[in-house]
Amino acid sequence: MMTIIKRQNSSLLYLEQVRQHLGRLPSIDPNTRTLLLFGFPNVGKSSFVNSITRANVEVQPYAFTTKSLYVGHTDYQYLRWQVIDTPGILDKPLEDRNTIEMQAITALAHLRACVICVLDITEQCGYSLKQQCELFNNIKPLFANKPIIIALNKIDTKRPEDLSAEEKAMLEETFKKDDNHLIIPMSTFTKEGVSEVQNTACDALLAHRIEQKMSGNKVDNIVNRLHVAQPKDGTRAPHIPEAVLAKRAGIKPVEVRKLEREMELELGDDYILDLKKHYDLPNPDDKYDDIPEIWEGHNIADFVDPDILNKLEDLEKEEAMLEEAGVYASEEEDLTEEQMEIREKAGLIRKEKAVIRHKHRLNKHRNRTPVSDRVIMKKQGIKRARSLSRVDPDTAMEIDAKMQTKKSKPGRDISGLRDAKQVKEVKRLKKRSQIKMNQFGRAGEADRHISAKLPKHLFSGKRGAGKTERR
């Protein structure tokens, strides 16, 4: 059995390659509603598919970017549509076409779809408008009995009205009106006309599918089972009771109020928004009165005196008369020269005290620098040791006493002890009290423990002929 399979190795490898290739092909449903695009390379087919579907087809400024069929899906009239993007086709005989072009030819020949022929009227794709029309005429037999839409792309650069008379005549001759070829301009860059092309193509395909169903044999069997009742008179007008007609005649037509937006568009710059004209007040003349200003629940207008300016003027005149009469004049104190001098000195003293307080506050918060022993000895009148030989014995005794008092303080562990014997006893008692605490400081089950890394019972002796997985 294995020998037979090995002999068929090359055939099985080929079948595996075929399976992988079929897996890479797009999933195309031949029975669903389909829009099929074709045209020269770089005319805007992939951009159109990206605009109307959720597909993400690569778009580049060079030819043959699309090398296989790409399928996108869109919705129209609550129906799902598939849009197929085909590789670019060149105008040459069928036997000279490569594999990439044959994918587009096969799709045009075998899929029942609405064909959208995309033309580049700016000729930026590298092919003239005449070559594009010749390509359409050469492959026209492939999409017989299919609705065709002609999309003139890139109108953002060149409009159809800007075409020359020759080019317009060529388009009219190629796409005759008798063939029901609809010509729609669009731009995939500005999205102008894209939705119109999509809607027109979908409507054309729906109408074509209904026409095909009606022309089949199955329709006759269904129509024979249906009976549509028709009135005998021929015309059947709606019946409206006389009471309703009379009531309608008595109703006055309702006046439609013009909206503020309509008035703004009509007047333009002269329009001014007036919100007070719609106020519903008992007296219509009160609409444009000033709105009172309320402060803490009181109307400010109730506290305004209309004669306040006149009263203010009278008050100012009265004040001026009082000043002239000397009512507000103050009596100056008569001070002697001695009192004036005392007052000046008191002011200088207060000023000096303020300066001293300010300096004290600044020095209080400043970090104090350490003072050396030499400075302290100089302040206390103590000389250095090398100068003691020059001093008489009595003075030297006094200096030595002062130096003794300047020694550093004893440590905290011996402070308060009388002599060395007492210090030794204290240290012995301290060591003795530490013994009990050290006994409880042994390693316990919570401490980290590293067992023997090489257990003897697993690594001693010679290895036998049995299993050694346990080792």
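Refer to the structure presented above.
To keep things clear, this report deals only with the structure shown in the data block. (Residues numbered from 1 in each chain as written. Predicted model: local features only at pLDDT ≥ 70, side-chain atom pairs only at ≥ 80, totals over all residues. Heavy atoms only, no water.)

### Brief notes about the environment of I300
Here comes step 1: Within the fold, I300 resides in the loop between β8 (298-299) and α11 (308-325).
Here comes step 2: Judged by its relative accessible area of 35%, I300 is partly exposed.
Here comes step 3: Beyond its immediate sequence surroundings of up to four residues, I300 is in contact with E293 and W295. (Helix = DSSP H or I, 4+ residues; strand = E, 2+ residues; numbered from the N terminus. Buried < 20%, exposed > 50% of the residue type's maximum accessible area, 1.4 Å probe, protein only. Contact = heavy atoms within 4.5 Å.)

### As for the sheet that holds strand β6 (residues 182-185)
Here comes step 1: If you trace the six strands from one edge of the open sheet to the other, you get β2-β3-β1-β4-β5-β6, paired in mixed fashion. The strands lining the two open edges of the sheet, one partner per strand, are β2 (70-76) and β6. For this sheet, the mean angle separating the axes of adjacent strands, direction not counted, is 25°.
Here comes step 2: The pairing of strand β1 (residues 34-38) with strand β3 (residues 79-85) spans four bridges and is parallel. (Pairing = 2+ DSSP bridges. Axes fitted to C-alpha atoms, helices over the stretch in contact; angles between N-to-C directions.)

### Looking at empty space enclosed by the protein
Here comes step 1: For the structure shown, the criterion picks out one cavity of 30 Å³ or more.
Here comes step 2: Size it by volume and the largest cavity reaches roughly 40 Å³.
Here comes step 3: Lining the largest cavity are F38, G39, F40, C117, V118, L119, Q132, L135 and F136.
Here comes step 4: For the lining of the largest cavity, the elements supplying multiple residues, two or more each, are β4 (114-120) and α5 (129-138).
Here comes step 5: In terms of residue class, the lining of the largest cavity is built from seven nonpolar, two polar and no charged. (1 Å grid on protein atoms, 1.4 Å probe; cavity = no way out; pocket = protein on both sides within 12 Å on 5 of 7 lines; lining within 4 Å. Points joined across faces, edges and corners; volume = space filled by probe spheres on them. Nonpolar A, V, L, I, M, F, W, Y, C, P; charged D, E, K, R; others polar.)

### Some words on the pattern of salt bridges
Here comes step 1: Here the structure, examined in full by the defined rule, presents 12 salt bridges.
Here comes step 2: We note a salt bridge from E16 to R19, for which the minimum N-O separation is 2.7 Å. Remark: R19 and E16 occur in helix α2 (residues 9-24); sequence separation between them is three residues, near one turn of the helix.
Here comes step 3: Owing to a relative accessible area of 33%, E16 belongs among the partly exposed residues under this scheme.
Here comes step 4: One salt bridge in this structure joins R261 and E264, with 3.4 Å as the shortest N-O distance. Linking R261 with E264, this pair stays in helix α10 (residues 260-267), spanning three residues, or about one helical turn.
Here comes step 5: We classify E264 as partly exposed; its relative accessible area is 34%.
Here comes step 6: Taken together, the shared-partner salt bridges in this structure form one network comprising K92, R97 and E101. (Salt bridge = Lys/Arg side-chain N within 4 Å of Asp/Glu carboxyl O.)

What is shown is where atoms sit, not what they do.
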